[in-house]
Amino acid sequence: FEILTLILKEVPWVVDCTTETLYVCLFMVGFILTRLSGGVYIWMDDTRYAGVKFDVHNKFRMNEYDAKIMQWFRRHPRLKMFVDLMGAYLCYVSISHILHNVLFPLICDIREDVIEGLPSMNFDNRTTRTKDMLSEDLNLDEDEQMAVWKMDAGWDSSDDLAIEDEKYLWRSV
């Protein structure tokens, strides 16, 4: 798990691609692995499985490569289990990334609306801690965010504008 996570974190820097492209390719690789090993058919009900079994039997008789690959995996059950697990894990990781880092922020992120309504937004030269926290870069991890917050020694909790921002946040969120 740790090795795969490290590889996925470093690949976009080595290869010139976006992280979304990487995770879409990762999903395809995972699906192809489960398809070739036959693990994708576990999710079907009995009638559809019987139809697929009949179809694969016909493909095997016609000497097609995918049926032969599934037959080979049937003779090597431990390798089949490992490939099924790896394919399912790759699909899970890619879908999880797309959901949490692409779709949910696209649909559920209301920070822009909240930032526009802050009372401190009326003043161009004025900033508050609330305004800074809401407009931070999402690519920073928690440790980097905490380091940025701790460096801000100028924030005073008794600042009237900051208190108005806090009240606005509690009313709107």
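Coordinates for the structure precede this section.
Draft legend 1. Fine view of the packing of helix H2 (residues 19-37) against helix H5 (residues 77-108). It is at 8 Å that the axes of H2 and H5 come closest, and there the two elements cross at 150°. Between H2 and H5, the angle is such that the two are roughly antiparallel. For H2 against H5, the interelement crossing comes out left-handed. Of the residues contributing to the contact of H2 with H5, the split by class is 15 nonpolar, seven polar and three charged.

Draft legend 2. Expanded view of H2. Its 19 residues place the ends of H2 27 Å apart at the C-alpha level, agreeing with the 27 Å of an ideal helix rising 1.5 Å per residue. Turning to H2, its buried residues are Leu-22, Tyr-23, Leu-26, Gly-30, Thr-34 and Ser-37. Buried positions in H2, seen along its axis, are confined to an arc of 105° and lie on one side of it. Backbone geometry just after H2 places Gly-38 at a positive phi near 90°.

Draft legend 3. Here's a closer look at the environment of Met-81. With respect to the helices and strands, the residue Met-81 is situated in helix H5. With 44 residues separating them along the chain, Met-81 and Ser-37 place their C-alpha atoms 8.5 Å apart.

What counts and how
- Residues numbered from 1 in each chain as written.
- Predicted model: local features only at pLDDT ≥ 70, side-chain atom pairs only at ≥ 80, totals over all residues.
- Heavy atoms only, no water.
- Axes fitted to C-alpha atoms, helices over the stretch in contact; angles between N-to-C directions.
- Helix = DSSP H or I, 4+ residues; strand = E, 2+ residues; numbered from the N terminus.
- Parallel < 35°, antiparallel > 145°, perpendicular 65-115°, else oblique.
- Left-handed = near helix turned anticlockwise from the far one by under 90°.
- Nonpolar A, V, L, I, M, F, W, Y, C, P; charged D, E, K, R; others polar.
- Expected span 1.5 Å × (residues − 1).
- Buried < 20%, exposed > 50% of the residue type's maximum accessible area, 1.4 Å probe, protein only.
- Arc of directions from axis to C-beta.

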